Amino acid sequence: MKKPDEKIIKRVKELRDKINYHNYLYYVLDNPEISDAEYDRLFDELLNLEKQYPELITPDSPTQRVGAPPLEEFKTVRHAIPMLSLNKANTEAEFLDFHRRVKELSGLSDREINYVVEPKFDGLAVELLYQEGILTIGSTRGDGITGEDVTLNLRTIKSIPLKLMTDNPPSIIEVRGEVIMNKDDFEKLNRERLQHGEQLFANPRNAAAGSVRQLDPNITAKRPLRMFAYGTGRVEGIQLRNQWECIHYLKDVGFRISEYVKLCYSSEDVIAYYEEISSIRDDLPYEIDGIVIKVNDFEIQHRLGELSRSPRWAIAWKFPPQQETTKIRDIIVSVGRTGALTPVAVLDPVRVGGVEVSRATLHNEDEIIKKDIRIGDTVIIQRAGDVIPEVVKVITSKRTGNEKIFRMPDTCPICGSKVERPPGEAIHRCTGMDCPARIKESLAHFVSKGAMEVDGLGKKYLEQMVDKGLIKDPADIYFLKKEDLMKLDRMGDKLAENLLSAIEKSKKPSLTNLIYALGIRNVGYHLAGVLAKTFGSIENLAKQEIEDLLSVHEIGPVVAESIYNFFRNPRNINILNKLRQGGVVLPREEITTGERPLEGKTFVLTGALDSFTRDEARRLIEEKGGRVSSSVSKKTDYVVVGKDPGSKYNKALQLGITILNEDQFKELIK
Ligand code: IVH
């Protein structure tokens, strides 16, 4: 075997330091400085040298994260200091009770007690033992006294340093934290599992826990896990005086800590923090289920002491749960604008995350089959933010045998036309062109913002108009007379006149708005703008062949076909003619060189703007050629920040992305 010379030894060390550093930038700070390819080159060079000179391999080398063989079973590890659990508060009053007890027991006043607060991560608690700065044992919390030795698995998690980033490590430090999986990584993992016919994980926490407690570390290595450090166990060789110092020490030596840790100087501060985190909860990439509040000073912590399983110096203030258990009374089917049939569960009403829920979408037939959802089932439902509630899973142990299997209907529940499921699609569609449900939905779309923008013509009126036979298609709106409108419930003279003048005003749409209003399948507002700019008029767009449409940068085969088919359907041509007859001006636009000063720019919106809704702001940006994305990344050009911004704002600050307040945004789009 060759002996490595000084140069090689030096290079190996250099490579390790570099790789560790870039790992840290990528996995801990989310802010890489080199490309994946460059990283791979460094990694391969190190692998190569270690292959030539195996004696240079050290356990803390970044090459040694993976490759360990599967275990028969986990050994157990006794925690030097028990990993306690937390008492819970569900309300502000319960938090204030805790605060009062802390004051009483410590004999301190309000102003003398500071708290460190941070999100409560919904994952799996682990402990990492570092001896002389090197990771030697990693374990799960287990029952708090003993856990499982999952060292080999935890070593595969890149945000866990194998070696502390300090030249002067303590002789012993046990780092505690939570292993989590991000929401989008969880979705992706479940999609892959579905494809492979594997059991799905119920939520990101189960996915994280299941991945850490794998006997084969090579499987764990493939799972996108992360760790947030939030405290320590045994520490020897350094003095940490309080939680704030502790958490920042962990950050300094290479751990990922929450970007939301905060030092609070009063109970009011804590309450404000709870509100703040509640409001951004849904924007976070990972799940949290509350906040954790810890007395900052370790000496005071010590004075307060512990009960049998939980400390008196900390509490978890939980958010109202976003999942609840309820029963499916019935499954009904709703029909959308494109004729898509969506099965909807009718539920025994329950409060979820502060909102009463009585319906949940079941998406489509495949979803019902996959989750084996039956009428009468007891289910877990979930809502997050503004998203429509959905059924997470069935609690099969609650089945009585009286549950009924649901089948998608063969005929439309609204108009009785035949229902079809086109090959390769998951969606059933009503084939009836005159289906009132389709007509109502497409009318609502036709008059909406960004489309024909008929102010005041709400869904309630449109439904009545269809039911009373006043209109059958969007163009009929332009033939309505005052006496027609007077036939509607809750309609008065003045209101009817206002509506007529709003209809009149809508007769001069921009080409983009008109194309969008037509409701061509797969053509949203952005694409409508592209079509307007590329083809200049409805007449010109209508005559394009599939190949012509495909030559447009943003159009693929599916979209090309739906545009092509739309204009080959006599019914749609008839509507266009009727619109013209009804006085709508079919506009022409300059081809290609419209004012698109924001071409190629990506925006992210966060917080509430005073002058526009989200949709309006999006439309303004798209009109000028820009794009709106839902998450901040290095590719984002601008983050527009309104009132009460979410975590996207912090992310933008971190990544150094240009931030616009409302006035600056208005200036830009002027
Ligand atoms: S501190 C004695 N901080 O909550 C207090 N725990 O019920 C030690 N958890 O199993 C815990 N996020 O896994 C702390 N920011 C956080 C946390 C957190 C989640 C979990 C932890 C533990 C449970 C305690």
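That block above? That's the structure.
The following refers to the structure shown.

### Structural notes on the packing of aromatic side chains
This structure, assessed with the given rule, holds 17 aromatic pairs. Where Tyr516 meets Tyr525, the ring centres are 5.5 Å apart and the plane angle is 80 degrees; that geometry is what we call edge-to-face. Just as Tyr516 is buried, Tyr525 falls in that class too. Relative to Phe665, the ring of Phe612 has its centre 5.8 Å away and its plane inclined at 85 degrees; by these criteria the two rings are edge-to-face. Here the residue Phe612 occupies a position in the loop between strand S21 (602-606) and helix H22 (614-623), and Phe665 occupies one in helix H24 (residues 662-669), the gap between them amounting to 53 residues. This pair shows no difference in class: Phe612 is buried, exactly as Phe665 is. Taken together, the ring pairs in this structure connect Phe95, Phe98, Tyr115, Tyr274, Trp317 and Phe319 into an aromatic cluster. Over the ring of Tyr564 we find Arg568; its NZ or CZ atom is 3.9 Å from the centre of that ring. Over the ring of Tyr525 we find Arg619, and its NZ or CZ is 5.8 Å from the ring centre.

### Structural notes on unusual backbone geometry
Despite not being glycine, Asp372 has its phi angle at roughly 50 degrees, a positive value. Looking at where Asp372 falls in the secondary structure, it is placed in the loop between helix H11 (365-371) and strand S15 (374-375). Judged by its relative accessible area of 30%, Asp372 is partly exposed. One non-glycine residue, Glu453, adopts positive backbone phi at about 55 degrees. Looking at where Glu453 falls in the secondary structure, it is placed in the loop between helix H12 (436-447) and helix H13 (459-467). Here Glu453 falls in the partly exposed class, since its relative accessible area comes to 30%.

### Description of the site of the ligand
Neighbouring the ligand are 14 residues; Leu86, Phe121, Ala125, Glu178 and Tyr230 lie closest to it. Lys120 places a polar side-chain atom, nitrogen or oxygen, 3.5 Å from an oxygen atom of the ligand. In this structure, an oxygen atom belonging to the ligand sits 2.3 Å away from a side-chain N or O atom of Glu178. Relative to its unbound accessible surface of 520 Å², the ligand loses 88% to contact with the protein.

### What to know about a nonpolar patch on the surface
A cluster of nonpolar side chains, Leu71, Leu152 and Leu215, forms an exposed patch at the surface whose accessible area comes to about 190 Å². Here Leu152 shows up in helix H4 (residues 151-154).

### Notes on the environment of Ala80
Summarising the element assignment, Ala80 is placed in the loop between strand S1 (76-78) and strand S2 (87-89). You can call Ala80 partly exposed: its relative accessible area is 43%. For the pair Ala80 and Gly233, spaced 153 residues apart in sequence, the C-alpha to C-alpha distance is 7.5 Å. The residues contacting Ala80, other than those within four sequence positions of it, are Glu174 and Arg234.

### Thoughts on the sheet that holds strand S8 (residues 225-236)
Across the sheet, which stays open at both edges, the four strands sit in the order S5-S4-S7-S8 with antiparallel pairing between neighbours. Both edges of this open sheet fall to strand S5 (134-140) and S8, since each of them pairs with a single strand only. Averaged over all adjacent pairs, the angle separating strand axes in this sheet is 25 degrees, with direction ignored. Examined bridge by bridge, strand S4 (residues 124-131) and strand S7 (residues 172-181) share eight bridges and lie antiparallel to one another. Considered in S7, the bridge of Glu127 is made with Arg176. Against the sheet, helix H6 (residues 204-212) touches S4, S5, S7 and S8, its axis set at about 130 degrees to S7. Most of the contacts of helix H8 (residues 243-252) go to S8, to which it runs at about 125 degrees, and overall it touches S7 and S8.

### Overview of helix H2 (residues 36-52)
If you check H2, its first and last C-alpha atoms are 24 Å apart, about what 17 residues at 1.5 Å a residue would give, namely 24 Å. Along H2, the residues that are buried comprise Tyr39, Leu42, Phe43, Leu46, Leu49 and Glu50. Axial view of H2: buried residues confined to an arc of 125 degrees, hence all on one face. Of the exposed residues in H2, the ones pointing more than 90 degrees away from its buried face are Arg41 and Lys51. Residues of H2 that are buried in the fold lie against helix H1 (6-28).

### Focus: the sheet that holds strand S22 (residues 627-629)
The pairing of strands in a sheet comes from backbone hydrogen bonds and takes either a parallel or an antiparallel form. If you walk across this open sheet you meet the four strands as S22-S21-S23-S24, and the pairing is parallel. Of all strands in the sheet, those with a lone pairing partner are S22 and strand S24 (658-660), marking the two edges. Looking at each pair of strands side by side, their axes are set apart by 35 degrees on average, direction ignored. Taken together, the three bridges between strand S23 (residues 638-641) and S24 define a ladder with parallel strand orientation. In the strand pairing of S24, Val640 is matched with Leu660. Sheet strands in contact with helix H23 (residues 647-655) are S21, S23 and S24, and its direction is about 135 degrees off that of S21. Its contacts with the sheet place H24 against S21, S23 and S24, and it is angled at close to 95 degrees to S24.

What counts, and where the lines are drawn
- Residues numbered from 1 in each chain as written.
- Predicted model: local features only at pLDDT ≥ 70, side-chain atom pairs only at ≥ 80, totals over all residues.
- Heavy atoms only, no water.
- Phe/Tyr/Trp six-rings, centres within 6.5 Å; stacked < 30°, edge-to-face > 60°.
- Buried < 20%, exposed > 50% of the residue type's maximum accessible area, 1.4 Å probe, protein only.
- Helix = DSSP H or I, 4+ residues; strand = E, 2+ residues; numbered from the N terminus.
- Lys NZ or Arg CZ within 6 Å of the ring centre and 35° of its normal.
- Near = heavy atom within 4 Å.
- Polar contact = N/O pair within 3.5 Å; in protein donor to acceptor, adjacent residues only side chain to side chain.
- Areas by Shrake-Rupley, 256 points an atom, 1.4 Å probe, with all protein chains shown as cover.
- Patch = residues over 30% accessible without salt bridge, like charges linked within 9 Å, V, L, I, M, F, W, Y side chains within 5 Å.
- Salt bridge = Lys/Arg side-chain N within 4 Å of Asp/Glu carboxyl O.
- Contact = heavy atoms within 4.5 Å.
- Pairing = 2+ DSSP bridges.
- Axes fitted to C-alpha atoms, helices over the stretch in contact; angles between N-to-C directions.
- Expected span 1.5 Å × (residues − 1).
- Arc of directions from axis to C-beta.

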